[in-house]
Amino acid sequence: MIREAGKNDLKEILELYLFLHEISIPEESEQLRKTWDNIIGDENHHLIVCEVDGKVVASCVCVIIPNLTRNVRPYAFVENVVTHGDYRKKGYATACLNYAKQIAEDNNCYKMMLLTGSKEESILNFYRNAGYNSTDKTAFIQWIDM
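So, here is what we can say about the structure in this document. From a predicted model like this one, the values you see are computed outputs, not experimental measurements.

**Overview of the pairing of strand S3 (residues 55–65)**
Logical step 1: With eight of its 11 residues buried, S3 lies for the most part within the structure.
Logical step 2: The pairing of strand S2 (residues 45–52) with S3 spans eight bridges and is classified as antiparallel. The residue of S3 that forms the bridge with Val49 is Ser59.
Logical step 3: Between S2 and S3, which pair antiparallel and follow one another directly, the connecting turn spans two residues, one of which, Asp53, has a positive phi of 50 degrees.
Logical step 4: The pairing of S3 with strand S4 (residues 75–83) spans seven bridges and is antiparallel. Each bridged residue has a counterpart across the sheet, and for Val63 the counterpart in S4 is Phe77.

**Section: the sheet that holds strand S5 (residues 112–114)**
Logical step 1: In space, the five strands of this open sheet follow the order S1-S2-S3-S4-S5, with mixed pairing throughout. Looking at which strands have only one partner, the edges of the open sheet turn out to be strand S1 (2–4) and S5. Direction aside, the axes of adjacent strands within the sheet are offset by 30 degrees on average.

**Quick notes on helix H2 (residues 30–41)**
Logical step 1: The terminal C-alpha atoms of H2 lie 16 Å apart, and with 12 residues this matches the ideal 16 Å at 1.5 Å per residue to within 8%.
Logical step 2: Three or more residues of H2 are buried, namely Leu32, Trp36 and Ile39. For H2, the arc enclosing every buried residue in end-on projection is 60 degrees, short of the 170-degree limit, so these residues lie on one face. Opposite its buried face, H2 presents the exposed residues Glu30, Gln31, Lys34 and Gly41, each directed more than 90 degrees away.

**Thoughts on the environment of Tyr92**
Logical step 1: Structurally, Tyr92 can be placed in helix H3 (residues 92–106).
Logical step 2: By relative accessible area, Tyr92 is classed as partly exposed at 21%.
Logical step 3: On a C-alpha basis, the gap between Tyr92 and Leu18 in space is 17 Å, while along the polypeptide they are 74 residues apart.
Logical step 4: Once you skip the residues sitting within four places of it in the chain, Tyr92 turns out to touch Ile2, Cys50, Val52, Val57, Ala58 and Tyr87.

**A few points about the pairing of S4**
Logical step 1: Strand direction decides the pairing type here: S4 and S5, joined by three bridges, are parallel. Bridging from a neighbouring strand, Phe77 pairs with Met113 of S5.
Logical step 2: Read as a crossover between parallel neighbours, the route from S4 over H3 to S5 is right-handed.

**Let's talk about unusual backbone geometry**
Logical step 1: With a phi angle near 50 degrees, Asp53 is a residue other than glycine that sits in the positive phi range.
Logical step 2: Positive phi is not limited to glycine here, since Asn71 has a value of about 60 degrees.
Logical step 3: Along the polypeptide, Asn71 turns up in the loop between S3 and S4.
Logical step 4: Accessibility expressed as a relative area gives 72% for Asn71, which makes it exposed.

**A few points about the environment of Val57**
Logical step 1: Tracing the backbone through its elements, the reader meets Val57 in strand S3.
Logical step 2: Separated by 27 residues in sequence, Val57 and His84 have C-alpha atoms that sit 5.2 Å apart.
Logical step 3: Setting aside residues up to four positions removed in sequence, Val57 forms contacts with Leu16, Cys50, Val52, Val82, Thr83, His84, Tyr87 and Tyr92.

The rules behind these values
- Residues numbered from 1 in each chain as written.
- Predicted model: local features only at pLDDT ≥ 70, side-chain atom pairs only at ≥ 80, totals over all residues.
- Heavy atoms only, no water.
- Buried < 20%, exposed > 50% of the residue type's maximum accessible area, 1.4 Å probe, protein only.
- Helix = DSSP H or I, 4+ residues; strand = E, 2+ residues; numbered from the N terminus.
- Pairing = 2+ DSSP bridges.
- Axes fitted to C-alpha atoms, helices over the stretch in contact; angles between N-to-C directions.
- Expected span 1.5 Å × (residues − 1).
- Arc of directions from axis to C-beta.
- Contact = heavy atoms within 4.5 Å.
- Right-handed = clockwise from strand over helix to strand, strands pointing away.

Put into structure tokens, the structure is as follows:
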């Protein structure tokens, strides 16, 4: 089942992020709770999960960004695409990305953008097969206080 995350999904999402790039689950804190409440309460922030047998096994984030160009049409930014290691190559992340695309279409977005830090050809091909390309734009990243 593909759906948007609910208030009670935080623990499972944080555990899933260990398969992304995190090395530990953040400690319970006021900052964590406040951030989670902001994410869940933001109508433009969509944390999408794929649930299999009651377990969150894949996820992505789709943020709708209001915009003054392109006839005042917003755009969507996709981030944190991840699948649990035991559930890969079953189409779960693709289903999450398709759900994100539907959200973008429903919000009249004129484009979707996605960044990946991976250089693995199989992962890059996964994004290409999902409809993304790496030829239209050039991404620049500036890390702040890492």
